[in-house]
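Tertiary structure, described
Residue strings, one per chain:
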Amino acid sequence: MSLLCNTGDWFTLGQGNAFRKIELYNMEWPASINLDNMVVHAAPYGGPIAVVKDPKLFIKLDGSTSTRPIIRVFNCVGKLMSSINWDCGNLVTLGWSDSEELIGVQDDGTIFIHDMFGNFVHKFSVGKDVTDVADARIFTSASGTGVAVMTSGLKIYILNNIKDPKSRPLSELLNITSNLTCWEMVCKDRTTSCLLATGTDITIVRHGDNVFTNHTLTMRTDFQSISLLSVSFDHEHVALLTNTGCLWMGSWDLKHKYCEFLTGRLEKANQLVWCVDGGSSRYESHAVIVSYMNLILIVGATGESNVYTYDSPMTLIPEMDCVRVLTNYYHELVQKVPPSTSKIFGINISEPASFLFEAHRKFQDRSHQSDEYLCLIQNKLSAAVADCIEAAGHEFDPNTQKSLIRAAYFGKSFIPGHNCDGYITMCKTLKVLNVLRDRNVGIPITIQQFNHLQPVVILDRLVFRKHYGLSIHIAKYLKLQETRILEHWAFQKIIHDKNDEEIARKIAAKFSSADLREPMSYANVADKAQQIGKTKLAITLLELETKKKLQVPLLLKLGASEKALIAATQSGDIDLIYMAILEMKNTTALAKFHMTIRRYPLAQNLYKKYCQLNSLSTLKDIHSQEDDFLSQAELALREALQLGNLDASISDISGNYRKAGKAVEADLTDETKKLIRHQKLLQDKYQKDFFGLPLHAMVRKLLQLGDQRYAEKLKSEFKMSDRRYWWLRIQTFAENYQWDELEKFAKAKKSVIGYEPFVEVCLAKANVAEAKKYLPRCSEENKLKWYLRAGCYADAATIAFMQKDIDSLLKIHDHCNDPSLMSTVENMIGQLSSKK
């Protein structure tokens, strides 16, 4: 079927390769702008346009016009965004980075970076040896935006990333002659190469290689030089135009030729650019556009061509999937017609999508033919709906978009269980694209460019253009974070507004009303305020920050140490508190620091802990200033123990304990002093180590040495209990195997701890015979247990029978090996059992 809708500007370059020209805007250039005598440098993806007077032209100036170049930056509609009065050196070229920053290269090798609003960002030099730049190229490299410069001595230096400016010469062995007519940069496989055209030869020099590839081009028509050279946007293809007007197209490495085309025009062309089909890798679907004074020649890779004429000079702007044409009056777009669009609006097309579109039109006309068209594509309805949705994305006219989307909506109604995600996504994308393409925004990107950049980058670009309200609406519509938008808005407020209190109020109001999933952070905004010297504003904003880990370091950086300490203690984060304490200590007078930190108990306690580990003298001073006698006593005691100088510090420790109202601790300290004095005497007397021993160990050691008199003296002086002293005497006799002395000790006086300990120490030394002397004197309730532990089963059985303890008799029966005793025990068990 034939649908002639939207095909008026279509033209064909080979079989199946239809191209179209779309008018984007009528330009709104100021009256002073005439592209006839201007050089235009436009950023891709619908970016800003830099216009500067062509230095090669002689232009009559009036008395009020400066001879210094003025760079004017416009959006894609021709509205002035900024002006830069270039009062530095001589400009060689201009270009745009991938972040839409204007790059200016001077003849002295200096590279200047400005934003799109003319604000200076920074500058750097290509190299100390590069001071005579004759030409330059700004290109897209694998690591960002690169710059290549050629000196008047025909030496080329390459800088692959302006964010990390490290330049290197292309090759020391490269010897370029004065026959060089054109050159371009190519980036493939993360390697930067340079194409150099000299005469009929093209040399490919890779960055860092010492071996070069020379290609001599042979064409059907003779030529003497290559006048123009062009590399495609994706760096896959190259085109060149000879001085005789012959166009050659092929792969970037010149190994594959696509076609030759004789333009038939001998005048010098202005531009040579590729019009790439972003959705196809086949070279047959690409084309090359050559611009002359008043016309453009579009040549397909298969050799077909088409011509458009213009009333004024034009500038070609290559994109990833099209070419934009900029004139004094219009802004147009040339691209290959997308396959989905061809399936619907192509001539003599019988594709399912075309039938679905026509079915919807008939349905709107209330015609029965709508059902007939649907019947033709009943089994291919899903593919038809998908093509209509995709085709809508490639259209710039909202009415055409609506027609295609409605056709898709109509078709999906007849598909059971159809997944609508693609339809919904496309509707949202089209709404955003139409807003971006509006004259008030002026970013005419295609859907392929939109998908390549991603919505986050698109939002960033809107923010850089200060479309904050629109950015927030789009972010909410696409369910993206609004954080960066609000931060950038706040940055601009800080930079341009003067009243700090009003700025803080507006930022706080905007951030609090943003309705975000997480509260906005004020840290980055405060840091920006600090960078431009608004310290008071930065502190005010930081006081609103809820994340203490972000707040405290910045407050310290701003010199607000006490506020940082308050925030850190409120957080309870030990690391943050220490950070604030140590920074305050380093930046504040010591007396003021101590007075300040006393007001915050948690911080002070942590500081004391720090001093305890790192500076005991400082800790002493703190305790002394606070009259903290208890802490002074404890610190002195700990220090004396570590230094082994306890005796010298005892009096101070005891006095501080008494001042602190700790009488018990003071008495213990005094007793410790007396104990140390005895340790010294015993050390000198016996030449044995008594230092550090507790009272119990000292008495035991004296008893082992046989000095019972001194042991009893210590017992009396330090009021050791009789029970502990008896235990020490008994243990000492047993350890020294003084069994006779042990027996005498037991008979001399009634034991204050009973006689079980006597049995225990004897059994510990495996002396059962000695233990039997004390078994009868054990208490009745424990006697049976100790007879059993001593192995005296006969006596134990008698005691168990008397105590009527059948369980003990059973245990004795299990352990004894004497048959007569076993019989006796069995008889006892029987008697006790019968009585029950």
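Note that this is a predicted model, so its numbers are computed, not measured. (Residues numbered from 1 in each chain as written. Predicted model: local features only at pLDDT ≥ 70, side-chain atom pairs only at ≥ 80, totals over all residues. Heavy atoms only, no water.)

Moving on: the overall build of the protein chain. Of the regular secondary structure elements, the protein chain holds 31 helices and 29 strands. For the protein chain, the proportion of its 836 residues judged to be buried stands at 48%. Put simply, of all contacts in the protein chain between residues at least 6 apart along the chain, 47% involve residues at least 24 apart. (Helix = DSSP H or I, 4+ residues; strand = E, 2+ residues; numbered from the N terminus. Buried < 20%, exposed > 50% of the residue type's maximum accessible area, 1.4 Å probe, protein only. Contact = heavy atoms within 4.5 Å.)

So, on to the sheet that holds strand 5 (residues 70–74). Taken in spatial order, the 4 strands of this open sheet run 3-4-5-6, and their pairing is antiparallel. Bordering the open sheet on either side are strand 3 (38–42) and strand 6 (80–85), each of which pairs with just one other strand. If you compare each strand with its neighbour and ignore which way they point, the axes differ by 20° on average. Pairing of strand 3 with strand 4 (residues 49–53), which is carried by 5 bridges, proceeds in the antiparallel orientation. Considered in strand 4, the bridge of H41 is made with A50. (Pairing = 2+ DSSP bridges. Axes fitted to C-alpha atoms, helices over the stretch in contact; angles between N-to-C directions.)

Moving on, we get to helix 16 (residues 590–597). Of the residues making up helix 16, those classed as buried are F593, H594, T596 and I597. Each buried residue of helix 16 sits inside an arc of 165° when the element is viewed along its axis, so together they form one side. Exposed residues pointing more than 90 degrees away from the buried face of helix 16 are listed as A591, K592 and M595. (Arc of directions from axis to C-beta.)

With 90 residues, the main nonpolar core has L356, I507 and L541 as its most contacted residues. Setting aside anything within four residues of it in sequence, one finds L541 in contact with I494, A504, I507, Y522, V525 and A526. I730, W739, L775 and L784 belong to the second largest nonpolar core, which has 37 residues in total. (Core = buried A, V, L, I, M, F, W, Y, C linked by side-chain atoms within 4.5 Å.)

Our next topic: the packing of aromatic side chains. Here the structure, examined in full by the defined rule, presents 15 aromatic pairs. Here W29 and F74 contribute two aromatic rings whose centre-to-centre distance is 5.0 Å and whose plane-to-plane angle is 85°, an arrangement assigned as edge-to-face. Here W29, found in the loop between strand 2 (18–26) and strand 3, pairs with F74, found in strand 5; they are 45 residues apart in sequence, far enough to count as distant. Look at F74 and you get buried, because its relative accessible area is 0%. Relative to W739, the ring of Y737 lies with its centre 6.1 Å away and its plane at 75°, an arrangement referred to as edge-to-face. The rings of F11, F19 and Y308 are connected pair by pair, giving a single aromatic cluster. Positioned above the aromatic ring of W489, the side-chain terminus of K510 is 5.6 Å from the ring centre. (Phe/Tyr/Trp six-rings, centres within 6.5 Å; stacked < 30°, edge-to-face > 60°. Lys NZ or Arg CZ within 6 Å of the ring centre and 35° of its normal.)

Let us now look at helix 6 (residues 421–437). An ideal rise of 1.5 Å per residue puts 24 Å on 17 residues; helix 6 measures up with 24 Å between its terminal C-alpha atoms. Of all the residues in helix 6, the buried ones are Y423, M426, T429, L430, V432, L433, L436 and R437. (Expected span 1.5 Å × (residues − 1).)

Another point: the packing of helix 6 against helix 7 (residues 447–464). Helix-helix packing is characterised by the crossing angle of the two axes and by the distance between the axes. Relative orientation of the contacting elements helix 6 and helix 7 amounts to 65°, with a least axis distance of 12 Å. Considering how the two elements wind past one another, helix 6 and helix 7 form a crossing that is left-handed. Contacts between helix 6 and helix 7 involve M426, T429, V432, L433, L436 and R437 from the former and I447, F450, I458 and L462 from the latter. In terms of residue class, the contact of helix 6 with helix 7 is built from 8 nonpolar, 1 polar and 1 charged. (Left-handed = near helix turned anticlockwise from the far one by under 90°. Nonpolar A, V, L, I, M, F, W, Y, C, P; charged D, E, K, R; others polar.)

Moving on to the side chain of H360. Considering the arrangement of structural elements, one finds H360 in helix 2 (residues 352–364). Ignoring sequence-local partners within four residues, the contact set of H360 consists of S403, R406, A407 and F410.

Attention shifts here to the confidence of the model for the protein chain. Confidence along the protein chain averages 83 in pLDDT terms, with 89% of residues attaining 70 or more. Ranking the elements of the protein chain by mean pLDDT puts helix 20 (residues 646–659) last with 56 and strand 28 (residues 323–326) first with 96. (pLDDT = per-residue confidence, 0-100.)

Interaxial distance between helix 9 (residues 483–496) and helix 11 (residues 523–531) falls to 10 Å at its minimum, and their mutual angle equals 25°. Taken together, the axes of helix 9 and helix 11 are roughly parallel relative to one another. Our pair here, helix 9 against helix 11, has a crossing hand that is right-handed. Counted together, E487, A490, F491, I494 and I495 of helix 9 and N524, V525, K528 and A529 of helix 11 form the full contact between these two elements. For the contact of helix 9 with helix 11, the per-class residue count stands at 6 nonpolar, 1 polar and 2 charged. (Parallel < 35°, antiparallel > 145°, perpendicular 65-115°, else oblique.)

Another point: the pattern of salt bridges. This model, assessed by the stated rule, comprises 22 salt bridges. Taking the shortest distance from any N to any O, the salt bridge between E100 and R461 comes out at 3.3 Å. Of this pair, E100 sits in the loop between strand 7 (91–96) and strand 8 (102–106) while R461 sits in helix 7, and the two are 361 residues apart along the sequence. R461 sits in the buried class, given a relative accessible area of 9%. Note that D500 is salt-bridged to K534, the shortest N-O span being 3.9 Å. Here D500, found in helix 10 (residues 500–512), pairs with K534, found in the loop between helix 11 and helix 12 (535–542); they are 34 residues apart in sequence, far enough to count as distant. The class of K534 is buried, set by a relative accessible area of 17%. (Salt bridge = Lys/Arg side-chain N within 4 Å of Asp/Glu carboxyl O.)

The antiparallel open sheet is built from 5 strands, whose spatial order is 1-2-29-28-27. Both edges of this open sheet fall to strand 1 (10–12) and strand 27 (315–318), since each of them pairs with a single strand only. For this sheet, the mean inter-axis angle between neighbouring strands, taken without regard to orientation, is 25°.

For the rest of this paragraph, the subject is the pairing of strand 23 (residues 271–275). Counted residue by residue, strand 23 has 4 buried out of 5 residues, so it is predominantly covered. In the sheet, strand 23 pairs with strand 24 (residues 287–291) via 5 bridges, with the strands oriented antiparallel. Bridged to V273 within strand 24 is I289.

Let's shift gears to the side chain of T192. Checked against the element boundaries, T192 lands in strand 16 (residues 191–198). Looking at T192, the relative accessible area reads 6%, which means it is buried. For T192, the side chain forms a polar contact with the side chain of N160, separated by 2.7 Å. Beyond its immediate chain neighbours, meaning those up to four positions away, T192 contacts F139, I158, N160, M185, V186, C187, V205, R206 and H207. (Polar contact = N/O pair within 3.5 Å; in protein donor to acceptor, adjacent residues only side chain to side chain.)

Glancing now at the environment of K402. Along the chain, K402 falls in helix 5 (residues 398–412). A C-alpha to C-alpha distance of 7.6 Å links K402 and A392, two positions 10 residues apart in sequence.

A few words on the environment of V435. With respect to the helices and strands, V435 occurs in helix 6. Sequence-wise, V435 and L470 are 35 residues apart; in three dimensions their C-alpha atoms are separated by 8.7 Å. Ignoring anything within four residues of it in the chain, the contact list for V435 reads V441 and L470.

A positive phi angle, near 60°, is found at R366, a position not held by glycine. Considering the arrangement of structural elements, one finds R366 in the loop between helix 2 and helix 3 (369–376). Residue Y737 is not a glycine yet carries a positive backbone phi of 55°. Mapped onto the fold, Y737 is located in the loop between helix 24 (722–735) and helix 25 (739–748).

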